[in-house]
Amino acid sequence: MKKYRHVKKTSTKPEVREPIISRRLSDKFDIPEDIIAKAPVILGCGNHRLCIENYRSIIEYTEELIKVQTKQRKIYIRGNKLVIAYFREDEMCVLGNIDSIEYHR
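Heads up: these notes are all about the structure in this document. Computed from a prediction, not measured in an experiment: that's the story for all the values here. (Residues numbered from 1 in each chain as written. Predicted model: local features only at pLDDT ≥ 70, side-chain atom pairs only at ≥ 80, totals over all residues. Heavy atoms only, no water.)

## Focus: the overall build of the protein chain
Along its length, the protein chain carries two helices and six strands. Summarising the internal contacts of the protein chain: among those between residues at least 6 apart in sequence, 38% fall at separations of at least 24. When the accessible area of the protein chain is evaluated, it comes to approximately 8,300 Å², of which 52% is carbon and sulfur surface. (Helix = DSSP H or I, 4+ residues; strand = E, 2+ residues; numbered from the N terminus. Contact = heavy atoms within 4.5 Å. Areas by Shrake-Rupley, 256 points an atom, 1.4 Å probe, with all protein chains shown as cover.)

Structure, rendered in structure tokens:
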């Protein structure tokens, strides 16, 4: 009769495994990895327009600062006369005089 020894499994956080899983799925199905991982995609047009895809929520919104929460970190958009032109479930667009884009944990 065989004896089986119970070994405690080491747990890994989901965010540690996600890049590996998303990379494999991306390769297998030929889909961009950022779409699978829901990574934020930021598209800037000059310093007057900024579009963000795959965001979670708007944390703060003033004419000088817009804070956006993404899956991995916060994005601060600083400038003046900032307005959110539109926001949908997973995409938003900011207009105004954008001075800086900062990434925070």
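From this point, things continue past the structure.
## Things to note about the nonpolar core
Counting twelve residues, the largest nonpolar core is built from Leu50, Ile52, Tyr55, Ile66, Val68, Ile75, Ile77, Leu82, Ile84, Met92, Val94 and Ile98. Elements that contribute at least two residues to this core include exactly β2 (49-53), β4 (65-70), β5 (74-87) and β6 (91-104). Here this core takes four residues from β5, the largest share from any one element. Contacts of Ile84, omitting those with residues within four sequence positions, involve Ile58, Tyr61, Ile66, Met92, Cys93 and Val94. (Core = buried A, V, L, I, M, F, W, Y, C linked by side-chain atoms within 4.5 Å. Buried < 20%, exposed > 50% of the residue type's maximum accessible area, 1.4 Å probe, protein only.)

## Here we look at the sheet that holds β4
Within the open sheet, the six strands sit side by side as β1-β2-β6-β5-β4-β3. Their pairing is antiparallel. Every other strand in the sheet has two partners, leaving β1 (41-45) and β3 (55-61) as the edge strands with one partner each. Along the sheet, successive strands turn relative to each other by an average axial angle of 40 degrees, direction set aside. (Pairing = 2+ DSSP bridges. Axes fitted to C-alpha atoms, helices over the stretch in contact; angles between N-to-C directions.)

## So, the side chain of Thr70
Inspection of the secondary structure assignment puts Thr70 in strand β4. Exposure remark for Thr70: the relative accessible area of 0% places this residue in the buried category. From its side chain, Thr70 meets the backbone oxygen of Arg73 in a polar contact 2.6 Å long. Excluding its chain neighbours within four sequence positions, the residues that come into contact with Thr70 are Pro40, Asn54, Tyr55, Arg56 and Ile75. (Polar contact = N/O pair within 3.5 Å; in protein donor to acceptor, adjacent residues only side chain to side chain.)

## Brief notes about the pattern of salt bridges
Where charged atoms from two side chains of opposite charge approach closely, those side chains can pair. For the structure shown, the criterion picks out three salt bridges. Taking the shortest distance from any N to any O, the salt bridge between Glu60 and Lys67 comes out at 3.3 Å. What makes Glu60 partly exposed here is its relative accessible area of 31%. A salt bridge links Glu102 to Arg78, with the nearest nitrogen and oxygen atoms 2.9 Å apart. Of this pair, Glu102 sits in strand β6 while Arg78 sits in strand β5; the two residues are 24 residues apart in sequence, bridging distant segments of the chain. (Salt bridge = Lys/Arg side-chain N within 4 Å of Asp/Glu carboxyl O.)

## Digging into the pairing of β6
Direction of pairing for β2 relative to β6: antiparallel, over a ladder of five bridges. Pairing of Cys51 across the sheet is with Cys93, part of β6. Bridge analysis of β5 against β6 gives eleven bridges, and the strand direction is antiparallel. Paired with Phe87 across the bridge in β6 is Met92. What sits between the antiparallel neighbours β5 and β6 is a turn of three residues.

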